[in-house]
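# Secondary and tertiary structure notes
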Amino acid sequence: MLNNKPCYHLSPPPLFSSLEGKLNLNCLILFKVLRNFTFAVSWRTEKSLYRLDVDWPKHPEYFTGTTFCVAVDSLNGLVYIGQRGDNIPKILVFTEDGYFLRAWNYTVDTPHGIFAASTLYEQSIWITDVGSGFFGHTVKKYSSFGDLVQVLGTPGKKGTGLNPLQFDNPAELYVEDTGDIYIVDGDGGLNNRLIKLSQDFMILWLHGENGTGPAKFNIPHSVTLDSAGRVWVADRGNKRIQVFDKDTGEWLGAWNNCFTEEGPSSVRFTPDGKYLIVAQLNLSRLSVVAAPPVGSIGECSVISTIQLADQVLPHLLEVDRKTGAVYVAEIGAKQVQKYVPLNSYVPAFGS
């Protein structure tokens, strides 16, 4: 596999710069990328915040399936990738510099979402599995080398139950440093719900009804937290992001205005908390959205976009909480790409 990733221009070409004030034109620069995809950057009034790391990974030939999800262990500088396919390793592990380390496949059926929850005392990888086999419809905790540690749900059996807890196509999860877990359950399955679990897996609160009103969902696909204690959910089918208080589960508001073409498929905050990175799958678009101040949700305001080619299909993404790098799992291009902030200094999350 050739790693023909695009090079970038960080400012508009001179011709367009000279005409910018008079003609107000948009300029498209087309690039050739892996598997003959084309990458397009639209030069508008927005500022560029990221560049593509064309050298990541060093060995893309390890992408042998459809890459659905990516997680970053920023404490140890590791990147975990979940891919689907027959007779291939389901989990790939790279360094943040792009070197391949290892792969594992034990008890992983069909990975959908993945999260790295590492502390000074433990490295753990959580995977949502939507497979129809023995290990499907579960949320599982692994060691960094693939040893199965914990299974939530009833393996191989989808359901709506809470005691015991059951899932149907759980999409993604987010694990706090405290050990509390937030799960969005229902990538087109029986459930459309957001569940908060304690570190000992007790249900703390839940929103779980299909619909269009506040705290109701239609394919909740991604979940993340900000430093102000708010939970952000990509309510993909309803074309919005909903926001909740992490302690009480209280509904705080929603963003509807940025997603009229297509709902968000993935949401993650930058380490400094200033921006929310949003992926839209079928539009093949990444948006950098201004985060609201504490105490307000306000309206969605897009600061910058990265327009990928048709059928690249960015599914889920992750942001390195130390470096601010954005990793994007693309199910159309069957690869994960890394975008690096142009501002080299990014404060650590929560600092």
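The name given to the protein in an unreviewed UniProt entry is NHL repeat-containing protein 3, with the source organism recorded as Macaca nemestrina.

## Observations concerning the overall build of the protein
Summing up its helical and strand segments, the protein has one helix and 26 strands in all. Taken over 351 residues, the protein has a buried fraction of 57%. Nonlocal contacts in the protein, meaning residues at least 24 apart in sequence, comprise 48% of its contacts between residues at least 6 apart. Surface exposure of the protein reaches about 14,900 Å², of which carbon and sulfur atoms provide 51%.

## A closer look at the nonpolar core
Trp-126, Leu-173, Leu-194, Val-223, Val-231, Val-233 and Phe-244 are the most contacted members of the largest nonpolar core, which has 26 residues in total. Of all the secondary-structure elements, those providing two or more residues to this core are strand S8 (111-118), strand S12 (170-175), strand S13 (181-185), strand S14 (193-197), strand S16 (220-225) and strand S17 (230-235). Setting aside anything within four residues of it in sequence, one finds Leu-173 in contact with Phe-115, Trp-126, Thr-128, Val-139, Ile-181, Tyr-182, Ile-183, Val-223 and Arg-268. Among the nonpolar cores identified, the runner-up in size contains 18 residues, and Tyr-275, Leu-286, Leu-308 and Tyr-339 belong to it.

## Regarding the side chain of Thr-138
Looking at the secondary structure, you find Thr-138 in strand S10 (residues 138-143). Residue class for Thr-138 comes out buried when judged on its relative accessible area of 1%. Once residues lying within four places of it in the same chain are set aside, the contact partners of Thr-138 are Ile-127, Thr-128, Asp-129, Val-151, Leu-152, Gly-153, Thr-154, Pro-155, Phe-167 and Pro-170.

## A word on the environment of Phe-115
Structurally, the position occupied by Phe-115 is in strand S8. The class of Phe-115 is buried, set by a relative accessible area of 6%. Filtering out sequence-adjacent residues up to four positions away, Phe-115 remains in contact with Ala-71, Ser-124, Ile-125, Trp-126, Leu-173, Tyr-174, Val-175, Arg-268 and Glu-318.

Thresholds, definitions, all that
- Residues numbered from 1 in each chain as written.
- Predicted model: local features only at pLDDT ≥ 70, side-chain atom pairs only at ≥ 80, totals over all residues.
- Heavy atoms only, no water.
- Helix = DSSP H or I, 4+ residues; strand = E, 2+ residues; numbered from the N terminus.
- Buried < 20%, exposed > 50% of the residue type's maximum accessible area, 1.4 Å probe, protein only.
- Contact = heavy atoms within 4.5 Å.
- Areas by Shrake-Rupley, 256 points an atom, 1.4 Å probe, with all protein chains shown as cover.
- Core = buried A, V, L, I, M, F, W, Y, C linked by side-chain atoms within 4.5 Å.

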